[in-house]
Amino acid sequence: MSGKSGDLRSLYQSLIMDHGKNPRNKRPMNCDGHPEGEHGAQCRCTDGYNPLCGDKLTLYVKSDGETVEDISFEGHGCAIFTASSSMLTEVLKGRPVAEIREIAEKYLTMLTEGEATPDPEGLGKLAVFGGVKDFPTRVKCATLPWRALEVILEGVDDQDSAAESAPITTEKEI
Ligand code: ZN
């Protein structure tokens, strides 16, 4: 089914199994909307649900508008969902918001469009999720935390609006 090399396939499997079994940054944060600290960093959260598989997610992002200082998730679902959420938090923590937007766009493009993986180098180890495209029913498991991230980043765009973060679903996407 796949044209991936054996090396990439085994990397894909071992990374996803590792993060699926031992997720990083799986913990709640206080997202009551109050800025904290001298830089006014604010924690936002949003819920996501993938009805096709049953994956449920709450994603937490703490940002001062420039940098994501902390990021974590809670939820339960399949190994691909858990691994995708875990690797998202690990890769994005501490990065500038502008850079995170680029990574999110590349990641979602990789999983939802085209034949080839665009610029896999720019995604680092997130590129292993390109293998999920071979299993269309699992794509939404791998994109759910990134869709939630997009919703939260829209709120970060406008720090003063205190936008309500509505729950999202991947049901109508792709
Ligand atoms: Zn799933």
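Details of the structure are given in the entry above.
Residues numbered from 1 in each chain as written. Predicted model: local features only at pLDDT ≥ 70, side-chain atom pairs only at ≥ 80, totals over all residues.

Participant: I keep staring at the overall build of the protein chain and nothing clicks. Help me out?
Facilitator: When helices and strands are counted, the protein chain shows 5 helices and 4 strands. Moving toward the C terminus, one meets the helices and strands of the protein chain in the order α-β-β-β-α-α-α-α-β. Looking at the 174 residues of the protein chain, the share that counts as buried comes to 36%. Excluding contacts between residues fewer than 6 apart, the proportion of contacts in the protein chain whose partners are at least 24 apart in sequence is 63%. (Helix = DSSP H or I, 4+ residues; strand = E, 2+ residues; numbered from the N terminus. Buried ≥ 20, exposed ≤ 12 C-beta atoms within 10 Å, placed from the backbone. Contact = placed C-beta atoms within 7 Å.)

Participant: Would you mind showing me how to read the environment of leucine 144 here?
Facilitator: Inspection of the secondary structure puts leucine 144 in helix α5 (residues 139–157). Residue class for leucine 144 comes out buried when judged on the 29 C-beta atoms lying within 10 Å of it. Along the backbone, leucine 144 and aspartate 55 are 89 residues apart, and their C-alpha atoms lie at a distance of 8.3 Å.

Participant: Before we go on, may I ask you to explain the pairing of strand β2 (residues 55–63) in this structure?
Facilitator: Walk down a regular strand and you will see the side chains alternate between the two sheet faces. For β2, the buried fraction is high: 7 of the 9 residues fall into the buried class. Across 9 bridges, the pairing between strand β1 (residues 42–50) and β2 is antiparallel. Across the sheet, the residue bridging to cysteine 43 is lysine 62, located in β2. Between β1 and β2, which pair antiparallel one after the other, the connecting turn spans 4 residues, and glycine 54 there sits at a positive phi close to 95°. With 8 bridges connecting them, β2 and strand β3 (residues 68–76) associate as antiparallel partners. Across the sheet, the residue bridging to lysine 62 is aspartate 70, located in β3. Where β2 hands over to β3, the hairpin turn is made up of 4 residues, of which glycine 65 adopts a positive phi near 100°. (Pairing = 2+ DSSP bridges.)

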